[in-house]
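Below, each chain spelled out in residue letters.
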Amino acid sequence: MKCVICDREACENRYCELHMKAYESVVKKYDLWKKALEISWKEYLSEVAKNPLTGEWAREVAEYLIKSGEVRNVTDG
Ligand SMILES: [Zn+2]
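Sequence positions are assigned chain by chain, starting from 1 and proceeding in written order. Totals for whole chains, interfaces and linings use every residue, but because this is a predicted model, local features are given only for residues with pLDDT of at least 70 and side-chain atom pairs only at 80 or more, for both listing and counting. Only hydrogens and water are set aside when side-chain values are computed; all heavy atoms of the structure are taken into account.

### Section: the packing of helix H1 (residues 17-36) against helix H3 (residues 56-68)
Reasoning step 1: Here an axis means a line fitted to C-alpha atoms, over the contact stretch when the element is a helix, while the angle between two N-to-C directions is reported on a 0 to 180 degree scale. Each helix is a run of H or I in the DSSP string that is no shorter than four residues. Each strand is a run of E no shorter than two, and both are numbered from the N terminus. With their axes 8 Å apart at the nearest point, H1 and H3 run at an angle of 75° to one another. When the axis of H1 is compared with that of H3, the two are roughly perpendicular. Packed against H1, whose contacting residues are Leu18, His19, Ala22, Tyr23 and Val26, the element H3 presents Trp57, Ala58, Glu60, Val61 and Leu65 at the interface.
Reasoning step 2: Here the residues of the contact of H1 with H3 sort into eight nonpolar, one polar and one charged. Orientation labels follow simple angle bins: below 35 degrees gives roughly parallel, above 145 gives roughly antiparallel, 65 to 115 gives roughly perpendicular, and whatever is left gives oblique. Here, residues are in contact when the closest pair of their heavy atoms is within 4.5 Å. Under the scheme applied here, ten amino acids are nonpolar (Ala, Val, Leu, Ile, Met, Phe, Trp, Tyr, Cys and Pro), four are charged (Asp, Glu, Lys and Arg), and all others, including Gly, are polar.

### Notes on the packing of H1 against helix H2 (residues 41-50)
Reasoning step 1: Look at H1 against H2: their axes get within 11 Å of each other, and the N-to-C directions meet at 115°. The angle between H1 and H2 falls in the class roughly perpendicular. Our pair here, H1 against H2, has a crossing hand that is right-handed. Each of Val26, Val27, Lys29, Tyr30 and Trp33 in H1 lies in contact with H2, whose residues at this interface are Trp41, Tyr44, Leu45 and Glu47.
Reasoning step 2: Tallied by class, the residues present in the contact of H1 with H2 amount to seven nonpolar, no polar and two charged. Each crossing is labelled by how the near helix is turned from the far one, with a counterclockwise turn of less than a right angle marking it left-handed and a clockwise turn marking it right-handed.

### Re the environment of isoleucine 39
Reasoning step 1: Residue placement: isoleucine 39 occurs in the loop between H1 and H2.
Reasoning step 2: Summary of the burial criterion: residues with accessible area below 20% of their type's maximum are buried, those above 50% are exposed, and those between are partly exposed, where the area comes from a 1.4 Å probe applied to protein chains only. On the basis of relative accessibility, which here comes to 15%, the residue isoleucine 39 falls in the buried class.
Reasoning step 3: Isoleucine 39 has contacts with Tyr30, Trp33, Lys34, Tyr44 and Glu47, leaving out every residue within four places of it along the chain.

### A closer look at the coordination of the zinc ion
Reasoning step 1: Within the protein, the atoms that donate to the zinc ion are Cys3 (SG), Cys6 (SG), Cys16 (SG) and His19 (ND1), at distances of 2.0 to 2.3 Å.
Reasoning step 2: Given four donor atoms and angles of 104 to 113° at the metal, the environment of the zinc ion is assigned as tetrahedral. Sites may look incomplete because water is not among the atoms; the donors themselves are N, O and S atoms within 2.8 Å of the metal, or within 3.2 Å for Na, K and Ca. The geometry test gives tetrahedral to four donors whose angles all lie between 85 and 135 degrees, gives square planar to four donors and octahedral to six donors whose opposite members are over 155 degrees apart with all other angles between 65 and 115, and gives irregular to the rest.

### Topic: the nonpolar core
Reasoning step 1: Counting residues in each nonpolar core, the largest one holds 18 residues, and the members touching the most others are Tyr15, Tyr23, Val26, Trp41, Tyr44, Leu45 and Leu65.
Reasoning step 2: Residue assignment for this core shows that the elements contributing at least two residues are H1, H2 and H3. Only buried residues count toward a nonpolar core, which is a set of Ala, Val, Leu, Ile, Met, Phe, Trp, Tyr and Cys residues joined through side-chain atoms within 4.5 Å.

Shown next as structure tokens:
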């Protein structure tokens, strides 16, 4: 099975190792943003995607999540 974003071999998730790491950091950062701002997951993803300071991997993840319309399935708390 290949990574949903690039052509690398995917690990247990749908992402390769690098995109998995980027995905985890995108999710983690959202928790921080949410504490400070009234921002939805989708709004957050578009901020990440257009932020020039976002790393290439994280931006690809954010763009993929926007396109796929994935709903964040991590529970609060
Ligand atoms: Zn990948």
